[in-house]
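Spelled out from the first residue to the last, the chains are:
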Amino acid sequence: MADIPGLLSLVIFLPALGALALLLAPSVNAIRWGALAVTTVTFVLSLGLWLGFDPTVSTALAPQMATRLDWFGMVDITYFVGVDGLNLLLLLLTTLLGPIIVLSSWTYIGKAHKGYYALILLLETGVLGVFAAFDVFLFYIFFELTLIPMVFIIGIWGGEDRVYAAVKFVVYTLVGSLLMLVGVLWLGFEAGDAVNNGVFTTDWYKLASYGVPLGAQTWLFLLFGLAFAIKVPLFPLHTWLPDAHTQAPTGGSVVLAGVLLKMGTYGLLRFVIPFFPNASSSLAIPIAILAVIGIVYGALVAFAQTDIKKLVAYSSVSHLGFVVLGLFAFDIVAVQGSLIQMVNHGISTGALFLIIGMLYERRHTRAMADYGGIAKTVPVLTFFMLFSVFASAGLPGLNGFVGEFMILVGSWNSPTVGNPILVAVATTGVIFAAVYLLWMVYRTFFGPITHEENKTMTDLNGREIGILVPLAALMLLMGFWPAPFLEKSERTVRSLLETSVAKAEAVEAAGLGDVVVVPMAWPDDIVAAPTSRSGPVPLPGAPLGSEAATGHSDDH
């Protein structure tokens, strides 16, 4: 499929345009069907991104289907969006969940329909913009945009403690994002002086080509990393998540688990590792330790829960700990595993929250003690719950196994976190996941029926089955045949790691003296070739000391 100019921008902004149109809808049915139509068309259009993406191009880090427009004029801040191996699957996951979230809200949402569906559509635009942005300032705008609709979705349509959960979510997210803004400003000025003729820049490629001096990397790593660690969330910054998940309506929980948390892990991969490779490498062990603590802690706390939704919320802390561990392994297998696990988690955990929402609509309780034996009365719902639980627990043949297996294998061989004890402790998280998830299924679906209300529960209807079937199909497909998904990102991930390692070595060699710039082999129409003000500079992927790895140019 040929590259369609503007297709990505259309996919990004169509939901926002749909949100405006919904404000004119005359009835509840018109609002629901309008939201479903907009999200479905957005998903269908996004398939063009998959069909048009070529993973075999020689410059693997160059974005495809890119649009770049001047924005601020006097400074180098542009509207710059594109598709590469890092964001393709996350863009498609976001558009896939759009119509699913709308359908899941069909009967769950009972008030202020116009506002709810408009905010869901606006949130979709924000998330798509986060994943597509190749300008850091544009990324920051979309990153903040996602905060507004999510706060209202939790605060208006959430549970009894919804205001507390919404405020906690705002405070945590704002603190992190404002710290990141400080880092963006510093980096933009310094990189602009080094690679952009003294003009402030937030272009991802120019920032990635600039070797941040060793003295500044650690605190910049902390500014950016804290914002993304809160979003993941990484232990011990996770405390906002169980409250947000528990209080959010079903649609809010699905979008939160499915894609919002991935903004944190994606930010670590897209910005933190390539911008600050020395700090990322030197701090890999402490980050990996926090990730492994999160894996085990999240699993143990999940096992102690009596609320089904809170159990799945804590499972996200555990599962995303695996993703962070893999990212800081600096190993192609582990990072590929982390990237595919972001998608896998969004699918399987999203399905779990959907099923919990379906249970809640029938019994208006999330306490496991209020169920028991319902496998006899709702066998179809039980089947989908078991299937999603097996996928989330990492059963071989389903999608959860692929990502976690690759992360553990890659981390074992990692040059940064290759500690057998650390990896062994992380592996216990897979065992614990099976324990707490199967214990939840047994208490909720099996055993004797002790509540009369459970004898008359209705099974899934056609709409609910239609919601779960595509997710279950993806769990099976990505578990048995992950290659088509992994090959889309392999070249990009490999190029990113090679470039980051080469830049780290160059910065280390320069010490605290010269400014280091790593020339990037991207097309001139994407970014002008930077000049170097240092000594020998390694090119991406070339060994240090070789003739091909060095270049030198004078100051201009």
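**Some points on the overall build of the protein chain**
Now for step 1: A tally of regular secondary structure across the protein chain gives 21 helices and four strands.
Now for step 2: Projecting the C-alpha coordinates of the protein chain onto the three principal axes gives extents of approximately 80 × 55 × 45 Å.
Now for step 3: The proportion of buried residues among the 556 residues of the protein chain is 62%.
Now for step 4: Of all intrachain contacts in the protein chain linking residues separated by at least 6 positions in sequence, the fraction that spans at least 24 positions is 79%.
Now for step 5: Just so you have it, the protein chain exposes about 19,500 Å², and 69% of that area is on carbon and sulfur atoms.

**Section: the packing of helix α14 (residues 284-303) against helix α15 (residues 308-327)**
Two measures define how a pair of helices packs: the angle their axes make with one another and the distance between the axes.
Now for step 1: Interaxial distance between α14 and α15 falls to 7 Å at its minimum, and their mutual angle equals 160°. As summarised for this structure, α14 and α15 are arranged roughly antiparallel, according to the angle between their axes. Between α14 and α15 lies a crossing of left-handed hand. The segment α14 lies against α15, with I287, A288, A291, V292, G294, I295, G298, A299, V301 and A302 engaging L311, Y314, S315, V317, S318, G321, F322, V324 and L325.

**Thoughts on the packing of aromatic side chains**
Two numbers describe a pair of aromatic rings. These are the distance of the centres and the angle of the planes.
Now for step 1: Enumeration over the complete set of coordinates arrives at 35 aromatic pairs.
Now for step 2: When the centroid spacing of 5.2 Å and the interplanar angle of 85° are considered together, the rings of F131 and Y266 count as edge-to-face. A residue pair is termed long-range when its members are at least 10 positions apart, and F131 in helix α4 (residues 113-132) and Y266 in helix α12 (residues 262-275) qualify at 135 residues.
Now for step 3: Under the relative-accessibility criterion, F131 is labelled buried at 0%.
Now for step 4: Owing to a relative accessible area of 0%, Y266 belongs among the buried residues under this scheme.
Now for step 5: With 6.1 Å between their ring centres and 85° between their planes, F143 and F228 make a pair best called edge-to-face. Of this pair, F143 sits in helix α5 (residues 136-145) while F228 sits in helix α9 (residues 214-231), placing them 85 residues apart in sequence.
Now for step 6: You can call F228 buried: its relative accessible area is 0%.

**A closer look at the pattern of salt bridges**
Now for step 1: Under the counting rule described, the total for this entry stands at nine salt bridges.
Now for step 2: Residues E490 and R494 are paired through a salt bridge, measuring 3.2 Å at the closest nitrogen-oxygen approach. In this pair, E490 and R494 both sit in helix α21 (residues 483-510), four residues apart, roughly one turn of the helix.
Now for step 3: On the basis of relative accessibility, which here comes to 36%, the residue R494 falls in the partly exposed class.
Now for step 4: Several salt bridges share partner residues, and in doing so they unite R68, D76, D203 and K206 into one network.

Calculation notes
- Residues numbered from 1 in each chain as written.
- Predicted model: local features only at pLDDT ≥ 70, side-chain atom pairs only at ≥ 80, totals over all residues.
- Heavy atoms only, no water.
- Helix = DSSP H or I, 4+ residues; strand = E, 2+ residues; numbered from the N terminus.
- Buried < 20%, exposed > 50% of the residue type's maximum accessible area, 1.4 Å probe, protein only.
- Contact = heavy atoms within 4.5 Å.
- Areas by Shrake-Rupley, 256 points an atom, 1.4 Å probe, with all protein chains shown as cover.
- Axes fitted to C-alpha atoms, helices over the stretch in contact; angles between N-to-C directions.
- Parallel < 35°, antiparallel > 145°, perpendicular 65-115°, else oblique.
- Left-handed = near helix turned anticlockwise from the far one by under 90°.
- Phe/Tyr/Trp six-rings, centres within 6.5 Å; stacked < 30°, edge-to-face > 60°.
- Salt bridge = Lys/Arg side-chain N within 4 Å of Asp/Glu carboxyl O.

Bear in mind that shape data such as this cannot, by itself, settle questions of function.
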